[in-house]
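Overview (structure and organization)
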Amino acid sequence: MSGSRALEAARTIGPELVALRRALHRIPEVGLHLPDTQAAVLDALAGLDLEVTTGEGLSSVVAVLRGRAPHAGERPVVLLRGDMDALPVTEEVEVEYRSQRPGSMHACGHDLHVAGLVGAARVLHTLRDELVGDVVLMFQPAEEGPGGAEPMIAEGLLEAAGRRVDAAYAVHVYSADHPRGVWFGRPGPLMAAADELFVDVRGVGGHGSAPERAQDPVPVACEIVLAFQNALTRQFSIWDPVVLTVGKIAAGTKENIIPDDARIEATLRTFSAEHRAKAHAVFTRLAEGVAAAHGLRAEVTVAGGYPVTVNDPVEFEVAREVVVDLFGADRWADMADPEAGSEDMSFVLEEVPGAYLNVSACAHDDLALAEDNHSPRAAFDDSVVPDVAAALAEMALRRSRMLAGG
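Notes on the structure follow.

This part takes up the sheet that holds strand β10 (residues 242–251). With respect to topology, four strands assemble into an open sheet ordered β10-β12-β8-β13, the strand pairing being antiparallel. Of all the strands in the sheet, the pair left with one neighbour each is β10 and β13 (297–303). In this sheet, neighbouring strand axes are inclined to one another by 20° on average, regardless of whether the strands run parallel or antiparallel. In terms of strand pairing, β10 meets strand β12 (residues 261–270) through nine bridges, oriented antiparallel. What sits directly across from Ala-251, in β12, is Ala-262. Along the sheet face, helix α7 (residues 273–293) touches β8 (193–202), β10, β12 and β13 and points at about 160° away from the line of β13.

Counted at 1.5 Å a residue, the expected span for helix α4 (residues 110–126) with its 17 residues is 24 Å, and the 24 Å between its end C-alpha atoms agrees. Burial analysis of α4 places 15 of its 17 residues in the buried class, which makes it a mostly covered element.

Next up on the list: the packing of aromatic side chains. Taken as a whole and assessed by the stated rule, the structure comprises six aromatic pairs. Judged by centre distance (5.2 Å) and plane angle (75°), the ring pair of Tyr-174 and Phe-184 falls under edge-to-face. A residue pair is termed long-range when its members are at least 10 positions apart, and Tyr-174 in strand β5 (residues 167–174) and Phe-184 in strand β6 (residues 183–185) qualify at 10 residues. Residues Tyr-174 and Phe-184 agree in their burial class; the two are buried. On the basis of an interplanar angle of 80° and a centroid distance of 5.1 Å, the ring pair of Phe-228 and Phe-283 is categorised as edge-to-face. On the criterion of sequence distance, the pair formed by Phe-228 in helix α6 (residues 217–234) and Phe-283 in helix α7 is long-range, its members being 55 residues apart. Accessibility classification places Phe-228 together with Phe-283 in one group, the buried group. Feature note: the residues Phe-228, Phe-236 and Phe-283 constitute an aromatic cluster, connected by ring pairs.

Alignment of strand β1 (residues 51–54) against strand β2 (residues 61–66), held across four bridges, turns out to be antiparallel. Residue pairing in the sheet places Val-52 in a bridge with Ala-63 of β2. From the end of β1 to the start of β2, which pair antiparallel, there are six residues.

Further remarks concern the sheet that holds strand β16 (residues 354–360). Strands sit in the order β1-β2-β4-β3-β5-β16-β6-β15 across an open sheet of eight strands; the sheet is mixed. Either end of the sheet is taken by a strand with one partner, and the two such strands are β1 and β15 (332–334). Shown here is a sheet whose adjacent strand axes are inclined to one another by a mean of 20°, direction ignored. Sheet topology places β6 next to β15; three bridges connect them, and they run parallel. Of the residues in β15, the one forming a bridge with Phe-184 is Ala-333. Lying over the sheet, α4 contacts β2, β3 (77–83), β4 (134–140) and β5, oriented at roughly 150° with respect to β3.

Turning our eyes to something else, we now look at unusual backbone geometry. With omega at 5°, the peptide bond leading from Gly-145 into Pro-146 counts as cis. By secondary structure assignment, the location of Pro-146 is in the loop between β4 and α5 (149–154). For Asp-177, which is not glycine, the phi dihedral falls at a positive 80°. Its location among the elements puts Asp-177 in the loop between β5 and β6.

With that out of the way, let us pick up the side chain of Thr-270. With respect to the helices, strands and loops of the structure, Thr-270 is situated in strand β12. Contact partners of Thr-270, with chain neighbours within four places excluded, come to Ala-192, Ala-193, Pro-241, Val-242, His-275, Arg-276, Ala-279 and Val-308.

Let us now look at the nonpolar core. If you look at the biggest cluster of nonpolar residues, it comprises 62 residues, and the most contacted ones within it are Leu-45, Leu-80, Leu-137, Phe-139, Tyr-169 and Trp-183. No other element matches helix α10 (residues 385–403), which puts 10 residues into this core. Not counting residues up to four positions away in its chain, the partners in contact with Leu-80 are Leu-117, Ala-120, Leu-124, Val-135, Val-136, Leu-137, Met-138, Tyr-169, Leu-392 and Ala-396. The next biggest cluster of nonpolar side chains, apart from the first, holds 30 residues, and it includes Leu-79, Met-191, Met-335 and Tyr-356.

One can find Val-135 in strand β4. It is 7.6 Å that separates the C-alpha atoms of Val-135 and Ala-161, two residues lying 26 residues apart in sequence.

Here we come to the pattern of salt bridges. With the rule as written, the count across this model stands at 37 salt bridges. Among the salt bridges present, the one from Asp-387 reaches Arg-11, with a minimum N-O distance of 3.2 Å. Of the two residues, Asp-387 is situated in helix α10 and Arg-11 in helix α1 (residues 2–12); the sequence distance between them amounts to 376 residues. We classify Asp-387 as buried; its relative accessible area is 8%. Of the charged contacts in the structure, one is a salt bridge between Glu-351 and Arg-164, with a shortest N-O distance of 2.7 Å. Highlighted residues: Glu-351 in helix α9 (residues 346–351) and Arg-164 in the loop between α5 and β5, separated in sequence by 187 residues. For Arg-164, a relative accessible area of 35% puts it in the partly exposed group. One network of salt bridges, with partners in common, ties together Glu-51, Arg-66, Arg-75, Asp-134 and Arg-163.

Rules used throughout
- Residues numbered from 1 in each chain as written.
- Predicted model: local features only at pLDDT ≥ 70, side-chain atom pairs only at ≥ 80, totals over all residues.
- Heavy atoms only, no water.
- Pairing = 2+ DSSP bridges.
- Helix = DSSP H or I, 4+ residues; strand = E, 2+ residues; numbered from the N terminus.
- Axes fitted to C-alpha atoms, helices over the stretch in contact; angles between N-to-C directions.
- Contact = heavy atoms within 4.5 Å.
- Expected span 1.5 Å × (residues − 1).
- Buried < 20%, exposed > 50% of the residue type's maximum accessible area, 1.4 Å probe, protein only.
- Phe/Tyr/Trp six-rings, centres within 6.5 Å; stacked < 30°, edge-to-face > 60°.
- Core = buried A, V, L, I, M, F, W, Y, C linked by side-chain atoms within 4.5 Å.
- Salt bridge = Lys/Arg side-chain N within 4 Å of Asp/Glu carboxyl O.

Spelled out as structure tokens, the structure:
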């Protein structure tokens, strides 16, 4: 079985992959432009028979690996993705390979993702005589913002192999929640769409002693916030959640001055495209309507973020079966509910069917001691990197065979 060979090959190069992960951990870079990380990826891929291109507007790397197994028809194309960027966090984990760049840290484990995808490339290169299709390796910047998947798609990611990608897979590591080595996921919605909502209430300022001679935006802004919360419980199904959190209200300069304007800033999380569109419309209408009822004006801006991350049921089952076959059923856990975090792999999964799985890289034996991704104390055990490499490689091998009718 190719699965056992993929796992054996990944574990053989495991020490090299761990060394790469630790080297990357020392040099975290944030955002779209990651020149040192990009150079490390290109160096790690050197010597493999790949067709490599780099991004024009961002420090991405796209590598196409051609399978050599005979196939009479059009060869399938499978995409494997690993994000590369770090976070603006100062590391507090005491490890020998801690960040050498104060204020930046791989606090979300993307250094493990890169090492895992490099490992998958090396495993597939070793097994390419068994690979029926072609594989697009997507090394992506800026998952933590402003987003790298969308510009990579615009630059031709999905057609990099000369034919459109048929299926896409990605893996994310976690520093908490599950014991080390446990994989988890769910079909359908996995992570929320994340948007930002800004409301500027326009009034007319004046003296606090004479509010009747002004148009006070402050109580109107407060009423809008309460109206938002009422709308959540009365205009949206409880079976398709919508989460709106107002994180900031700003107005005024002094207690006896009525300001001209008040500003509301909120984060909006939705789990379906339908409720996402509806939420944009409902909250815009509410803000404008409440303000108008008081003779004021509200200007609403919805800043669209990442869409809902949706696992295709067929592709999810392929990925889940790979994990169970490679590591055993005791290493798999079903997720009952989606997460309210967001992920820009969603842009890829909007275009092609695919699956996004999670695996715990918790560095603590006692889960009570583990802190979540994004914490300055998030600690990842890189012993899972060879397993990530093997799983990604086997997903590509297996799905290519299935798409080719094998």
